[in-house]
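Notes for the structure review
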Amino acid sequence: KKIDAYILGEYKPVKEFRGRVIAAIERKNDNESKLVVAKTPNSYFEEEIKALTEFQERFFEIEIICHTAKVEKPCIRVTVLGFAKRGDGILVFEGYDAIKDEVFYRFPGGGVEFRRKSRVALQREFKEEINANILDMKYLCTIENIFTFEGIDKHEILLVYQVILSEELYKKDELILNENGTIGKAMWIDKKEFMNGVRNEIIKYL
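Just so we're clear, the structure is a prediction, and the values are computed from it rather than from any experiment.

1. Some details on the pattern of salt bridges
- Per the stated rule, a full pass over the model turns up 15 salt bridges.
- One salt bridge connects K34 with D4, and the closest N-O pair in it is separated by 3.0 Å. Residue K34 is located in strand 3 (residues 34-38), and its partner D4 is located in the segment before strand 1 (5-7); the two are separated by 30 residues in the primary sequence.
- With a shortest N-O distance of 3.6 Å, E128 and R124 are connected by a salt bridge. In this pair, E128 and R124 are both assigned in helix 2 (residues 118-130), 4 residues apart and thus about one turn of the helix distant.
- Classification of E128 as partly exposed rests on a relative accessible area of 29%.

Shown next as structure tokens:
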């Protein structure tokens, strides 16, 4: 039986890859578990593996089984986000915190990996998440974000850029993504709706 694998540290399609299995992702509510592969063992902590696979795995109840005895120390994550405007609307992803039973919105984007520029990381995230090319981007601000998600304390440094996308994307009310069988959705919402749950510097740019 074949089993799919996530290859960490590679961002282009590869026909073959030689590495080490560093973890397994067991889906509790699905029978398609995944392997996690990297070039070297002990190269990613459990929380990093979760962050790098969370978009594909967010609809499943999962357990990450790491092949390492390391225990991750609390750390600050650097994240880059893209702020796209359409009139009074802004482009967001919808998220859900099951512990708080709360729906929230965030700008498209993701983590900045070691030795990767934030602008390059943002371009990659937009291409992967909504198949969109960024035509232009302008740095807006840096925000320190301390919060709790799914009962876990989080600490992020957010690098926010205003982005310009291709014209056809502004004509769609929803942007649908099918990546590795996982369906995601981005949408344009009124800035007032977004501002109801935001209490930081980004408000002045809306």
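2. Concerning helix 1 (residues 46-57)
- Taking 1.5 Å per residue as the helical rise, helix 1 with its 12 residues ought to reach 16 Å, whereas the 14 Å between its terminal C-alpha atoms falls clearly short.
- Within helix 1 the residues assigned to the buried category are I49, T53, F55, Q56 and E57.

About the thresholds
Residues numbered from 1 in each chain as written. Predicted model: local features only at pLDDT ≥ 70, side-chain atom pairs only at ≥ 80, totals over all residues. Heavy atoms only, no water. Salt bridge = Lys/Arg side-chain N within 4 Å of Asp/Glu carboxyl O. Helix = DSSP H or I, 4+ residues; strand = E, 2+ residues; numbered from the N terminus. Buried < 20%, exposed > 50% of the residue type's maximum accessible area, 1.4 Å probe, protein only. Expected span 1.5 Å × (residues − 1).

Function-wise, these values are silent; they only describe arrangement.
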